[in-house]
Amino acid sequence: MADGAELAADKHVRYIVTVEKKKDSFESLVMEHIRLNGAYWGLTTLDLLHKLHAVDAAEVVDWIMSCYHPESGGFGGNVGHDPHVLYTLSAVQVLCLFDRLDVLDVDKVADYVAGLQNEDGSFSGDIWGEVDTSCKNLDGGFGAMPGGESHAGQIFCCVGALAIAGSLHHIDRDLLGWWLCERQCKDGGLNGRPEKLADVCYSWWVLSSLIMIDRVHWIDKEKLTKFILNCQDKENGGISDRPDNAVDIYHTYFGVAGLSLMEYPGVKPMDPAYALPLDVVNRIFLRK
């Protein structure tokens, strides 16, 4: 693909809307249990590309609320699935996109999330007790548990949580910034930890963290932009993990989100901590 590649925005919009309608496709079947996450990835991408109106908002909101468990306050990944904090987050984020937080019992949802916090400050994902996060390492990064290897995805979760909590002073910005900027590979893409291949999804995990600690100027944005654009399927839409691989909703979202963080023309700006378009976040906070 030529260096002058551009974002095939209209093709990506068509891809997302088409995937959503193919309920019996392989992609839909393997995502059955995390469909709410998929809705967040796809719908946020549409909003970043100024095309959220391509879907029926009322239909989406009704489906999301059908995944709600009123007895606990949490959301399942699909209708009839057990509640989990990840799907609850995606549900709230999608409702934010459509400006429909009014359908939520906010206190009930907040109680559900707060109830998952453990004595040591960590959170369990659900009642079954999978625990992660906020474990700082000597390299400046964060792992899933004390002594766990630093990982870019986990670092985003920790830096984002500290940013929202007003506690970024706990981070050694230069040390963490150095670890994160070393994630850029020769092909311009970013990996999640040392000795791994570049993957489009880390365009979000690494860039958002670097922005929150004011060290995003330490990577080559031009090379990363080219890497993301070279992972597009320019005929059928969608973005893959690396060039010439099969596309999926997950990498389409993280590719477009990465371009957003680099202020790519025609893509809405994103909030690096809340992982939502900036205008959506501002709308919520200005209302308060």
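Within each chain, residue numbers correspond to sequence positions counted from 1 in written order. Owing to the predicted nature of the model, reporting of local features is limited to residues with pLDDT of at least 70; listing and counting of side-chain atom pairs is limited to 80 or more, with chain, interface and lining totals taken over all residues. Only heavy atoms go into the side-chain values, all of them from the structure, while hydrogens and water stay out.

**Q** Where do I start with the side chain of Asn191 in this structure?
**A** Looking at where Asn191 falls in the secondary structure, it is placed in the loop between α8 (173-181) and α9 (202-212). N or O atoms within 3.5 Å of each other form a polar contact, as long as, within protein, one can give a hydrogen and the other can take it, and as long as residues adjacent in sequence are counted only when both atoms are side-chain atoms. Side-chain polar atoms of Asn191 contact the backbone oxygen of Lys196, separated by 2.9 Å. Note on definitions: a residue-residue contact is assigned when non-hydrogen atoms from the two residues lie within 4.5 Å. What Asn191 contacts, discounting residues up to four positions off in sequence, is Ala152, Arg183, Cys185, Lys196, Leu197, Ala198, Tyr202 and Val206. Runs of E in the DSSP output that reach at least two residues are strands. Runs of H or I that reach at least four are helices, and both are numbered from the N terminus.

**Q** Is there a simple way to think about the UniProt feature "domain: Prenyltransferase alpha-alpha toroid" (unreviewed entry) in the chain in this case?
**A** UniProt positions are given in the numbering used here, feature names are shortened, and annotations may be inferred rather than shown by experiment. Per the UniProt record, "domain: Prenyltransferase alpha-alpha toroid" (unreviewed entry) is annotated on residues 7-133 and 134-275. In residues 134-275, helix accounts for 39% and strand for 7%; the two terminal C-alpha atoms are 18 Å from one another.

**Q** What am I meant to see in helix α10 (residues 221-229) here?
**A** In an α-helix, one turn spans 3.6 residues, which is why side chains three or four residues apart end up on the same side. When accessible area is computed with a 1.4 Å probe and restricted to protein chains, residues below 20% of their type maximum are described as buried, those above 50% as exposed, and intermediate ones as partly exposed. Residues Leu224, Thr225, Phe227, Ile228 and Leu229 constitute the buried set of α10. At its buried positions, α10 is contacted by α9, β7 (239-240) and α11 (249-261). Where α10 begins, the capping side chain belongs to Asp220, and its oxygen is found 3.1 Å from the backbone nitrogen of Glu222.

**Q** Please clarify how the packing of aromatic side chains should be interpreted in this entry.
**A** Centre-to-centre distance and the angle between the planes together describe a pair of aromatic rings. Each aromatic pair joins two rings of Phe, Tyr and Trp (for Trp, the six-membered one) with centres within 6.5 Å, and gets the label stacked for planes under 30 degrees apart, edge-to-face for over 60, and tilted for any other angle. Under the counting rule described, the total for this entry stands at nine aromatic pairs. Measuring from ring centre to ring centre gives 4.9 Å for Tyr68 and Phe75, while their planes differ by 45 degrees; the resulting arrangement is tilted. In this structure, Tyr68 and Phe75 share a single accessibility class: buried. Residues Tyr250 and Phe254 carry aromatic rings whose centres are separated by 4.7 Å and whose planes lie at 70 degrees to one another, so their mutual orientation is edge-to-face. Here Phe254 and Tyr250 lie together in helix α11, a separation of four residues that amounts to about one turn. Phe254 gets classed as buried once you look at its relative accessible area, which sits at 4%. Among the aromatic residues, those joined into a ring-pair cluster are Tyr40, Trp41, Phe156, Trp204, Trp205, Tyr250, Tyr253 and Phe254. A positively charged side chain is recorded as over a ring if its NZ (Lys) or CZ (Arg) lies within 6 Å of the ring centre. The angle to the ring normal must also be within 35 degrees. The ring centre of Trp63 lies 4.7 Å from the NZ or CZ of Arg35, which sits over that ring.

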